[in-house]
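Read off the chains here:
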Amino acid sequence: MVKKVLDSGWLAARSTEVSLTGVQLTTTHPPSGSTAPWMEASVPGTVLGTLVKNKLVPDPFYGLNNEAIIDIADSGREYYTFWFFTSFEYALSANQHVDLNFRAINYSADVYLNGHKQTLPKGMFRRHTLDITDILNPSGKNLLAVVVYPPDHPGTIPAEGGQGGDHEIGKDVATQYVEGWDWMCPIRDRNTGIWDEVSITVTGPVKIIDPHLVSSFFDDFRRSYLHTTVELQNKSSWVAECTVTLQVTTELEGNICLVEHLQNSVLTIPAKSDIEYTFPPLFFYKPNLWWPNGMGKQSLYNVEISVDVKGFGESDSWSHYFGFRKIESTIDSNTGGRLFKVNGQPVFIRGGNWILSDGLLRLTKKRYMTDIKFHADMNFNMLRCWGGGLAERPDFYHYCDLYGLLVWQEFWITGDVDGRGIPVSNPDGPLDHDLFLLCARDTIKLLRNHASLALWVGGNEQVPPYDINTALKSYLKLHPLFTNENTTDSTDPSKYMDGTRSYVQGSMWDGFADGKGDFTDGPYEIQNPEDFFKDTFYKYGFNPEVGNVGMPVSATIKATMPPEGWSIPIFKKKCNGYVEEIPNPIWEYHKYIPYSKPGKVHDQILMYGYPKNLDDFCEKAQLVNYIQYRALLEGWTSRMWTKYTGVLIWKTQNPWTGLRGQFYDHLHDQTAGFYGCRCAAEPVHVQLNLATYFIEVVNTTADELSDMAVEISVWDLDGACPYYKVTEKMSVPPKKVEQVVEMKYPNSKNAKPVYFLLLKLFRVSDTAIVSRNFYWLRLSGEDYTLLEEYRTKKVPLKITSDVLVSGSKYKVKMILENSSTNLNSKVLVLNNIDDKDDSNLCNFNQAPLAEDFTKQMNKPSPWRNIFGGGVISSTRNRLKISTINGTDTGVAFFLHLSVHGAKKDHGNNGYEDTRILPVHYSDNYFSIIPGETMKVDLSFEAPEGVVPRVLLTGWNYSEKHTIL
């Protein structure tokens, strides 16, 4: 198969400003270029995205700009009905057949090609394939025009806002967030547009359609079978004698691919007909298994199917990276929570709720890769695709496959739009149930071959209407091989629509929340950190949504808001002693969630003292972000399997410049909460139970931890170590949490009101550190205001850096050393690196990541789909040593790195944002005790012609220090 993606050269114009017909546009009067009313278009993309690109409307995510953009409820649907035009070259050869493919449009469209019209029917989540063989121009020059119509029921936005506006959008099969939510502004065009891939595909007489791949296992995963069913369509007017080939390859080290299986089948397909063919199962002995993040490798096999037609040659081909794995999902009898198993191993779920990458559907492979790798970097193992958002795209799932993120995919039902809310919404779902089910079937077929897809769910906080729910249960019925039932059903599992992963009717049913659909998810605001560890905090086994704060760094506020948005909240003290935060109107529009809960939680930012300005506010917010999210995950993990089976945080990111519930912002800069999660969700982790003050060791792996001990050191603000202990050697069974020892320092006679605690789990035989965890703590009744004067401490640092450059891609390894004197000689400072091991600075290819470009780009693998082909060369800069002088002894507290380039264009407010984003850090927002060294890796891509520099700041490093 030849595939040509049509993703460039598109023009767009408002339909009311084009007097020509579609026939004229694609025959005698094509647009000549981007002269009014035509403009350069974003395809894939939306109408609003195109208008933003051409600066015809202001950036809706900047400040209050969205209020200046006319809403479809006020303009009428015609205002956002647009023509999209492009041309492409293709000259047809004998016996070739060409399809024009739209992987998704919103909401319906008329397509004109070379003067011929075809209609794309309604529905945001369905693929459209048009046979254009007979209407291609013999000259090879083809003109394509598409007029796209908005959803039928775009609705209106009530003055008070609300969840899903007036809920009218629920009458269509489309995204529901577009009328606004408590975390999102309304999208003015309701995402009208050609929002996913457009392509032409060229085949011979026989075409391959929607293969289904299934792996089954026996004998404790030693014996496996690959089951494959494919639909074959003979487009010709003669009988096709075919050879269908199934090939499975795996990648070895280097540039070598091993052919595991090669199977041929001879078939005869009648003229103008479709057949379904199931290959004999392929046997694998001990295949390399696909594991979720933190449990093992994400092994993928390349499965290729091709069909040769006698007298023609290869007619079509198809390939997919496939993971051998078995996913089970049941209700745990001990906790009542939903229990996931992968390859027979229980998975303690620590993940997040995902809305979508960008609210204007500016979806790219590069952005998806960053998004998914960020989640893997946080040690998460699941993402829930929320029902008011998208049926996520194949590119999203591709990166989840590569990085090991299990995915819970919901269909397009939400409680707010489909059954409750203000005004009360219609509980019967969309008007056209058949359309919903058509989109559901098509989505299942689009996504079912991805190893990462773990669960189908009917809706968010709601069950679909009875007939839809019944149909989904039928479509997604498990094959007996994936249940515990004894059955005589001998149907090949690849003949099922899916058959391999469970369907749950709603996000609060059947093992989630209370399991009965009552509103028992949440809460969604600031908490006292110790409360997460208390048995009273959450009663049920699996919480699908628990939310919290998410303020970004100050540079993001300045880059996304005018100066009037830089003012910090007013702190209003109430008569009960609690403080209420009153944010400025721009923060309020961007859904800011406060750092206080009057009557329950005192303001967590004021715990550090009154913020002086925006920079100070955001810095203190990062301290709180880190504590809140680390405590949330550590509290859940503390009761792994005894009370909980999992938790999903609401939410991990914002599809716009929102100010709540996020670990990285829309510009792709991480908050400190990102690294609090990264710490807490380690597969092996040492932690402090903030309710009991016992130190715990968590082992989520399938292997016993032996020869382990914990180093416990307390550091005061004067740089002394008043408490030090190394535990006796111990073992931790697999999938267990072990209570180790009580941390008694807070009850000691001379305990300081504010102190630092460093925990290191290490292997006794070689002192290798397995887990490191740093806390800043206070005695009961105290606050953290003593840390304010700690900012004046000048603690010396030594930073050694090594850089690998490949084109525009950079990989940096740093070793940071707190070179102040350790005042307590009895302390054994275990370091994160071995000082004798020079490879810490020299070996860039120890653990293959997406950014290990020099190794990965030069061999055939899934990585080539990320970066494209081509061999690239690399250069290494010499080692650089930087020092930050200081005479004080103490902890280098809350250090954070950032990467900057040359001056960029000034934004709307003249603010200069020099950050290079995104950057992947192995750690950030970290602290280093006296005499300790830490290793931090960075990887990023710099804009063309820009020489990057790495800056370091910290709590007691107020200046930005250039260290590279």
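Residues numbered from 1 in each chain as written. Predicted model: local features only at pLDDT ≥ 70, side-chain atom pairs only at ≥ 80, totals over all residues. Heavy atoms only, no water.

Considerations on a nonpolar patch on the surface
Spelled out, the test is: The residues that make up patches have over 30% relative accessible area and no salt bridge, and they are joined within 9 Å when like-charged or within 5 Å when they are Val, Leu, Ile, Met, Phe, Trp or Tyr. Residue-level accessible areas treat just the shown protein chains as cover; the underlying method is Shrake-Rupley with a 1.4 Å probe. We define a salt bridge as a side-chain nitrogen of Lys or Arg found within 4 Å of a carboxyl oxygen belonging to Asp or Glu. Numbering goes from the N terminus for both helices and strands, where a helix is a DSSP run of H or I of at least four residues and a strand is a run of E of at least two. The cut-offs for exposure are 20% and 50% of the maximum accessible area for each residue type, with area from a 1.4 Å probe on protein chains only; residues under the lower value are buried, those over the upper are exposed, and the others partly exposed.
The grouping of Leu252, Ile256 and Leu258 at the surface amounts to a nonpolar patch, some 250 Å² of accessible area in total. When you line up the elements, Leu252 lands in the loop between β13 (240–251) and β14 (257–269). A residue is classified by how much of its surface remains accessible, and Leu252, at 38% relative accessible area, is partly exposed.

Section: the sheet that holds β14
Pairing between sheet strands relies on hydrogen bonds along the backbone, with the strands arranged either parallel or antiparallel. The criterion, for reference: For two strands to be treated as a pair, DSSP must find at least two bridges joining them. In this analysis an axis means a line fitted to C-alpha atoms, helices contributing only their contacting stretch, and an angle means the value between N-to-C directions, from 0 to 180 degrees.
Ordered in space as β14-β13-β17-β18, the four strands form an open sheet in which the pairing is antiparallel. Looking along the sheet, the strands with just one partner apiece sit at the ends: β14 and β18 (313–322). Here the strands of the sheet are splayed against their neighbours by 15 degrees on average, with no regard to which way each runs. As paired elements, β13 and β14 share twelve bridges and run antiparallel to each other. Looking across to β14, one finds that Thr243 is bridged to Val266.

Observations regarding the pairing of strand β17 (residues 301–309)
By the criterion of burial, β17 is predominantly enclosed, with seven of the nine residues buried. Bridge count for β13 against β17 is eight bridges, and the pairing is antiparallel. Each bridged residue has a counterpart across the sheet, and for Val244 the counterpart in β17 is Val307. Relative to β18, β17 is paired through nine bridges, and the arrangement is antiparallel. Bridging across to β18, Ile305 finds its partner in Trp318.

Regarding the confidence of the model for the protein
Selection rule: Per-residue confidence from the predictor is given as pLDDT, running between 0 and 100. Here, residues are in contact when the closest pair of their heavy atoms is within 4.5 Å.
On average, residues of the protein score 93 in pLDDT, and 93% of them are at 70 or above. Below a pLDDT of 50 lies the segment residues 835–861, which in the model reaches 73 contacts outside its immediate sequence neighbourhood of four places, other chains included. Low pLDDT, under 50, characterises residues 863–872; the predicted model gives this stretch 29 contacts beyond four residues in sequence or across chains.

Side note on the side chain of Asp937
Stated precisely, the cut-off is as follows: Think of a polar contact as two N or O atoms within 3.5 Å of one another; within protein, one of them needs to be a possible hydrogen donor and the other a possible acceptor, and neighboring residues in sequence only count if both atoms come from side chains.
Mapped onto the secondary structure, Asp937 falls in strand β46 (residues 933–941). A distance of 3.0 Å separates a polar atom in the side chain of Asp937 from a polar atom in the side chain of Lys813. When sequence neighbours within four positions are dropped, the list of residues in contact with Asp937 reads Val812, Lys813, His920, Tyr921 and Ser922.

Here we look at the packing of helix α10 (residues 614–638) against helix α11 (residues 672–680)
A pair of packed helices can be characterised by two numbers: the angle between their axes and the separation between those axes. Definition in use: Roughly parallel covers angles under 35 degrees, roughly antiparallel covers those over 145, roughly perpendicular covers 65 to 115, and oblique covers all other angles. Two helices crossing with the near one rotated counterclockwise from the far one by less than a right angle form a left-handed crossing, whereas a clockwise rotation gives a right-handed crossing. Think of it as three bins: nonpolar holds Ala, Val, Leu, Ile, Met, Phe, Trp, Tyr, Cys and Pro, charged holds Asp, Glu, Lys and Arg, and polar takes everything else, Gly as well.
Orientation of α10 relative to α11, taken along the N-to-C sense of each, is 30 degrees, at an axis distance of 7 Å. The orientation of α10 relative to α11 falls into the category roughly parallel. α10 and α11 meet at a crossing whose hand is right-handed. Contacts between α10 and α11 pair Gln622, Asn625, Tyr626, Tyr629, Arg630, Leu633 and Glu634 from the former with Ala672, Gly673, Tyr675, Gly676, Cys677, Cys679 and Ala680 from the latter. Looking at the contact of α10 with α11 residue by residue, the class counts come to eight nonpolar, four polar and two charged.

Overview of the pairing of strand β9 (residues 141–149)
A regular strand carries its side chains on alternate faces of the sheet. Among the nine residues that make up β9, seven are buried, leaving the element largely enclosed by the rest of the structure. Bridge count for strand β4 (residues 82–89) against β9 is eight bridges, and the pairing is antiparallel. Residue pairing in the sheet places Ser87 in a bridge with Leu143 of β9. With six bridges joining them, strand β6 (residues 108–113) and β9 adopt antiparallel strand pairing. From the neighbouring strand, Val111 faces β9, where its bridge partner is Val146.

Considering the pattern of salt bridges
Scanning the model with the defined rule gives 48 salt bridges in all. Across the pair Glu67 and Arg188 runs a salt bridge whose closest N-O atoms are separated by 3.0 Å. One end of the pair, Glu67, is in the loop between α2 (47–53) and α3 (72–75); the other, Arg188, is in the loop between β9 and β10 (198–203), and 121 residues separate them in sequence. If you follow the salt bridges from partner to partner, you end up with Lys3, Arg103, Asp196, Glu197 and Arg393 in one network.

Considering the sheet that holds strand β45 (residues 926–928)
The sheet built from four strands is open, its strands ordered β45-β43-β47-β48 with antiparallel pairing. Lying at the two open borders of the sheet, with one neighbouring strand each, are β45 and β48 (957–962). Taking the axes of each pair of neighbouring strands and ignoring which way they run, one obtains an average angle of 30 degrees across the sheet. Two elements, strand β43 (residues 892–900) and β45, share two bridges in a ladder whose sense is antiparallel.

Regarding unusual backbone geometry
Where the residue is not glycine, phi is negative for most of them; where a peptide bond is considered, it is trans in most cases. Residue Pro44 follows Val43 across a cis peptide bond; omega there is 0 degrees. By the element assignment, Pro44 lies in the loop between β3 (39–40) and α2. In the segment running from Asn106 into Tyr107, the intervening peptide bond is cis, with an omega of 20 degrees. At Asn343, a residue that is not glycine, the phi angle is positive and equals roughly 55 degrees. Looking at where Asn343 falls in the secondary structure, it is placed in the loop between β20 (338–342) and β21 (345–347).

Concerning the packing of helix α6 (residues 433–447) against helix α7 (residues 466–475)
Packing of α6 against α7 leaves a shortest axis separation of 10 Å and a crossing angle of 25 degrees. Taken together, the axes of α6 and α7 lie roughly parallel to each other. Crossing of α6 against α7: the hand is right-handed. The residues of α7 that touch α6, namely those facing His433, Phe436, Leu437, Ala440, Arg441 and Ile444, are Asp467, Ile468, Ala471, Leu472 and Tyr475.

A look at the nonpolar core
Formally: What makes a nonpolar core is a set of buried Ala, Val, Leu, Ile, Met, Phe, Trp, Tyr and Cys residues whose side-chain atoms join them at distances within 4.5 Å.
Counting residues in hydrophobic clusters, the biggest one holds 281 residues, and the most contacted among them are Met743, Trp776, Leu787 and Phe893. Ranked by residues supplied to this core, first place goes to α10 with 13 residues. Look past the residues within four positions of Trp776 in its chain and what remains in contact with it is Tyr608, Leu623, Tyr626, Ile627, Tyr755, Phe756, Tyr784, Leu787, Phe893 and Phe894. Among the nonpolar cores identified, the runner-up in size contains eleven residues, and Leu11, Phe85, Ala145 and Val147 belong to it.

A word on the side chain of Gln527
Checked against the element boundaries, Gln527 lands in the loop between β26 (503–504) and β27 (542–547). Within polar-contact distance, the side chain of Gln527 engages the backbone oxygen of Glu525 at 3.1 Å.

Describing α10
Note the threshold: A helix's residues, less one, multiplied by 1.5 Å, set its expected span.
The end-to-end C-alpha distance of α10, which contains 25 residues, comes to 35 Å, matching closely the 36 Å that a straight helix rising 1.5 Å per residue would cover. Of all the 25 residues making up α10, 24 are buried; the element is thus mostly covered by neighbouring parts of the structure. Regarding α10, its N-cap is Asn613, as a side-chain oxygen of that residue lies 3.2 Å from the backbone nitrogen of Asp615 further along.

Re the environment of Ile269
Its location among the elements puts Ile269 in strand β14. Judged by its relative accessible area of 0%, Ile269 falls in the buried class. Each C-alpha atom of the pair Ile269 and Leu232 lies 8.1 Å from the other, and the pair is 37 residues apart in sequence. Beyond its immediate sequence surroundings of up to four residues, Ile269 is in contact with Val206, Leu232, Asn234, Trp238, Val239, Ala240, Cys242 and Ile275.

Describing the packing of aromatic side chains
The line we're drawing: Whether two aromatic rings pair depends on their centres lying within 6.5 Å, for rings of Phe, Tyr and Trp, where Trp uses its six-membered ring; planes under 30 degrees apart make the pair stacked, over 60 edge-to-face, and the rest tilted. We call a charge positioned above a ring when the Lys NZ or Arg CZ atom is no farther than 6 Å from the ring centre and deviates by at most 35 degrees from the ring normal.
Scanning the model with the defined rule gives 63 aromatic pairs in all. When the ring of Trp38 is compared with that of Phe85, the centres are 6.5 Å apart and the planes differ by 70 degrees; the resulting orientation is edge-to-face. Separated by 47 residues along the polypeptide, Trp38 in the loop between α1 (22–25) and β3 and Phe85 in strand β4 bring together distant segments of the chain. The pair formed by Trp38 and Phe85 is uniform in burial state, with each residue classed as buried. Over the face of the ring belonging to Trp566 we find Lys558, whose NZ or CZ atom lies 5.8 Å from the ring centre. Directly above the ring of Tyr775 sits Arg630, whose terminal nitrogen or CZ lies 3.8 Å from the centroid.

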